[in-house]
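Here is what each chain is made of, one letter per residue.
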Amino acid sequence: MPRGGWGRQGFRAFSWICGDWGVAKVLRAAGGRRAYGGGVEVHLVPCLKDNYAYLLHLPGSSDAIVVDASEEGPVLAELERLGLTPRAILATHHHVDHVGGNEGVLARYPGVKVFGYQTDRGRIPGQTDFLEDAQEFDVAGIGVKALHIPGHTLGAVAYVAEGAAFTGDTLFAAGCGRLFEGTAAQMYESLNLKLGALPDDTRIYCGHEYTLSNLRFAESLEPNNVAIATKLAWAQAARDKGEPTLPSTLREERMTNPFLRVAEKDVVAKVNERLAQDRSPQAVLAAVRAMKDAF
Ligand code: ZN
Ligand code: FE
């Protein structure tokens with residue numbers, strides 16, 4: 001991957017993205033929607049219209065983690081197909097398209113722990129563990145760290161494990177979630193300071209397949225950004241084949257995601273007329289989010 005700036009090395013980044021995708025494709029051909037996030041195997045489970053649940057397990061182990069049991073049918077079917085036994089459900093936030101399958105999974109596998117943020121008590125079905133920011137825990141042999149990332153909701157959590165981050169509806173590929181409960185300042189901190197502190201090669205697994213429409217919006221803000229144009233073409237081809245566009249990486253997000261690029265000249269210029277006195281990156285993020293709401 002390029003160490004320099006994006007613009008200059010966009011095409012090198014593209015070949016890296018393609019190369020990575022090639023690997024993911026080989027893994028998928030061998031056994032479904034599978035990719036690796038470091039030492040842990042990650043299986044994508046498409047749910048509902050455009051949600052993803054994820055199954056994590058160590059290679060050779062049948063103990064599994066479910067991230068966001070979106071709906072029970074596809075999650076239970078994939079657990080069975082892979083011969084996995086869930087030990088925990090990690091909920092990124094309380095919205096029903098992320099926890100709607102909790103009770104169904106618990107009915108089939110009683111005793112499964114359900115992790116969520118402490119203030120989501122009463123909002124996440126079956127919740128047994130009430131997390132604090134930066135809390136670490138071990139389940140299915142996998143070390144997990146919870147990062148509190150309010151913005152989309154006040155109890156939103158990212159789960160970081162083995163070089164992968166499960167970001168729910170807070171950080172999407174090339175976008176971020178709507179500000180349903182939190183403020184733009186909270187979203188700025190969650191995306192740019194908390195998630196932004198993770199290493200560049202962190203794999204980003206988010207809650208929805210929104211990549212294409214997010215990249216179209218990103219391109220409208222930065223028509224000269226080669227990385228955005230390149231990834232848009234790649235994502236279009238992937239979706240045409242019915243393939244997911246995830247995982248992304250934090251490096252790709254820094255190059256293509258407008259909500260991680262609120263200090264970039266071109267992005268600021270695009271929202272210039274929407275900004276009053278306050279020209280902080282938080283205010284730029286608020287303006288970009290408002291534009292995306294209407295895009
Ligand atoms: Zn949500
Ligand atoms: Fe959602």
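Quick caveat: nothing in here was measured; it's all calculated off a predicted structure.

1. Some details on the coordination of the zinc ion (ligand 1)
Within the protein, the atoms that donate to the zinc ion (ligand 1) are His93 (NE2), His95 (ND1), His152 (NE2) and Asp169 (OD), at distances of 2.2 to 2.3 Å. Between the four donor atoms coordinating the zinc ion (ligand 1), the angles at the centre fall across 88 to 169°, so the site counts as irregular. Coordination of the zinc ion (ligand 1) draws on donor residues from a single chain, spaced H-x1-H-x56-H-x16-D in sequence. Between the zinc ion (ligand 1) and the iron ion (ligand 2), a separation of 3.3 Å is found, and both are coordinated by aspartate 169. Of this pair, histidine 95 sits in the loop between β5 (85–90) and α3 (96–99) while aspartate 169 is found in the loop between β11 (164–168) and β12 (171–172), placing the two residues 74 residues apart along the sequence.

2. Notes on the coordination of the iron ion (ligand 2)
Summarising the metal site, the iron ion (ligand 2) is bound by the protein donors Asp97 (OD), His98 (NE2), Asp169 (OD) and His208 (NE2), whose distances to it range over 2.1 to 2.2 Å. With four donor atoms in place around the iron ion (ligand 2) and angles of 84 to 168° between them, the coordination shape is irregular. One chain supplies every donor to the iron ion (ligand 2), and in sequence these donors are spaced D-H-x70-D-x38-H.

3. Examining helix α5 (residues 184–194)
Inspection of α5 places Ala184, Met187, Tyr188, Ser190, Leu191 and Asn192 among the buried residues, and these make up the whole buried set. Check the buried side of α5 and you find it contacts β12, β13 (175–176) and α10 (281–293).

4. Quick notes on the nonpolar core
Ranked by size, the top nonpolar core spans 31 residues in total, and within it Leu191, Leu195, Val284, Leu285 and Val288 carry the most contacts. For this core, the secondary structure elements donating two or more residues are β10 (157–161), α5, α6 (211–221), α9 (265–271) and α10. The element best represented in this core is α10, accounting for six residues. Look past the residues within four positions of valine 284 in its chain and what remains in contact with it is Val262, Val267, Val268, Val271, Leu275 and Arg279. Grouped together as the second largest cluster of nonpolar side chains are 29 residues, Tyr52, Ala88, Tyr117 and Ile142 included.

5. Section: the environment of phenylalanine 259
Along the chain, phenylalanine 259 falls in the loop between α8 (250–256) and α9. In this structure, the C-alpha to C-alpha distance between phenylalanine 259 and arginine 289, residues 30 residues apart in sequence, is 8.0 Å. Setting aside residues up to four positions removed in sequence, phenylalanine 259 forms contacts with Gly175, Cys176, Leu191, Asn192, Phe217, Leu285, Val288, Arg289 and Lys292.

Definitions and limits used
- Residues numbered from 1 in each chain as written.
- Chains lettered and ligands numbered in written order.
- Predicted model: local features only at pLDDT ≥ 70, side-chain atom pairs only at ≥ 80, totals over all residues.
- Heavy atoms only, no water.
- Donors = N, O, S within 2.8 Å, 3.2 Å for Na, K, Ca; no water.
- Tetrahedral: all angles 85-135°; square planar, octahedral: opposite > 155°, others 65-115°.
- Helix = DSSP H or I, 4+ residues; strand = E, 2+ residues; numbered from the N terminus.
- Buried < 20%, exposed > 50% of the residue type's maximum accessible area, 1.4 Å probe, protein only.
- Contact = heavy atoms within 4.5 Å.
- Core = buried A, V, L, I, M, F, W, Y, C linked by side-chain atoms within 4.5 Å.

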